[in-house]
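Residues per chain, in single letters:
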Amino acid sequence: MLNNKRGGVGEILEHFPKILLTIAVMAGIFLLVGYYTSLTINIKPVEVEVLFNRIMYSPNSIMYMDNVTGRVHPGIINLDNFTDETLDRAINYSYERHLAAKLDLYGSDRRKLVSTTYLNKVLYERLEPLAVSGQKGAGSADIKTRANPVIYRKDGVNYPGFLKISIIIPN
Amino acid sequence: MLMRMIRQNNSWICKLSQKKGMFDTVVTIFSVLFLVFVFIVFVFLFKMSAKHREGAIDSDFSSLNTELMLKTYLKSPAYDLDRNNPKDLTPSVGEDRLTNADLVSWTCSNNVKEPNYKALKSSVNNFFDNVYSDDWEMWILYSNQNIKRKSFGHGAGLDSIWTDIKKGINRLYTAAGFAGIGNVAGGMQGAVSSLSLISAPYRKNGFGSQLIPCQDGTLAAVMFYSHVAYVEVKLLK
């Protein structure tokens, strides 16, 4: 009887490393799968990139376009088109809560503000305080800012400058 | 389950140890239940960790941003024109203000003492040092093999790209040689070199390349590399 009991315990002890190994393998598989898996995808960087490129490359937006050839000159801002109306007409959605942006055009000395324009100004001004303060939640937004050297065209003459674009992405 | 052979009444009887068998069965059932429990715990942990992890789509559009920067540089009015006093070689063409592209087009030679080259060098350094500080490098290569490469900026970002370009040049020369048009001494050498500049690896991230025609009809390729594509916003404050 005593021998039998010893045999049973021994068999359990024999199985113990196998159970541990199984758990370790399972843990490894889950950790690896979990490491490379996410259930939510953040598309805000892509939204920012697409909006930036729409502003810089669209023929009907703020960039200078040769009326004869129809060629757009990316990076050359036509100051006559640097208005809220032009941007709102070029990037138009059927609903209000889409991306909003503020465009600050500086001179080559980086201090003199030449002009400012907005895309979706109402929403920008409403969400900017929340986004800047870093408020979370569905009613808030994220703000991304970038700057580029550009040329602005005024009265047919090109001037060097810098364009600062602040883009607000509603949550 | 333990099996024993016992001799009883002149016959062998096979006797099974029922108690031991039951014990083993219970251990097996509990082991399976334990494994299932561990599995459920892992699934729960996996869901929890995956829920809180946020994946972001890579938004770098290859060399698009650097290309835009390089184009802006080439179209910009040149800096420091008063100090270097460059000579307008095409006074009847274009606008009054000289652009950086003009200076590139007018310096397709090995003469580094002419005013146009000095103006170009000053303008390049002014523009990109302002924007990138010391994280940039620019080369100008020429399809005319007699003109030496011109290098500006800091770092060695273009070295690896140049290796790829050289491979492309060698492949084109080989192909042209098989076709009987790539004789080094022949007139097609310039065309092959031009083709090799056009086929630069423009998709590499942070790398920009633009072609500018020289006055003699050959090509100059402006190649640019930087790790970042945008100006630091703090510079504008």
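So, here is what we can say about the structure in this document. Note that the coordinates shown come from a computational prediction; the quantities given were computed from them, not determined experimentally.

1. A short note on the sheet that holds strand E7 (residues 219-225) of chain B
Residues and elements named next belong to chain B.
Next, step 1: Overall, antiparallel pairing links the four strands, which are arranged E5-E4-E7-E6 in an open sheet. Of all strands in the sheet, those with a lone pairing partner are strand E5 (150-153) and strand E6 (207-213), marking the two edges. The sheet shows a mean angle of 15 degrees between the axes of neighbouring strands, direction not considered.
Next, step 2: Summarising the sheet, strand E4 (residues 137-142) and E7 pair through six bridges and their orientation is antiparallel. Bridged to Met138 within E7 is Phe224.
Next, step 3: Most of the contacts of helix H5 (residues 115-132) go to E5, to which it runs at about 35 degrees, and overall it touches E4, E5 and E7.

2. Overview of the sheet that holds strand E4 (residues 100-107) of chain A
Residue and element names in this part refer to chain A.
Next, step 1: The strand order E2-E3-E6-E7-E4-E5 describes an open sheet built from six strands, whose pairing is mixed. Two strands in the sheet have a free side with no partner beyond their single neighbour: strand E2 (63-65) and strand E5 (113-119). Adjacent strand axes in the sheet meet at a mean angle of 40 degrees, parallel and antiparallel pairs treated alike.
Next, step 2: With eight bridges joining them, E4 and strand E7 (residues 157-170) adopt antiparallel strand pairing. Counted as the bridge partner of Lys102 is Ser166 from E7.
Next, step 3: Packed on one face of the sheet, helix H4 (residues 121-133) meets E4, E5, strand E6 (141-154) and E7 and runs near 70 degrees to E7.

Reading guide: rules and limits
- Residues numbered from 1 in each chain as written.
- Chains lettered and ligands numbered in written order.
- Predicted model: local features only at pLDDT ≥ 70, side-chain atom pairs only at ≥ 80, totals over all residues.
- Heavy atoms only, no water.
- Pairing = 2+ DSSP bridges.
- Helix = DSSP H or I, 4+ residues; strand = E, 2+ residues; numbered from the N terminus.
- Axes fitted to C-alpha atoms, helices over the stretch in contact; angles between N-to-C directions.
- Contact = heavy atoms within 4.5 Å.

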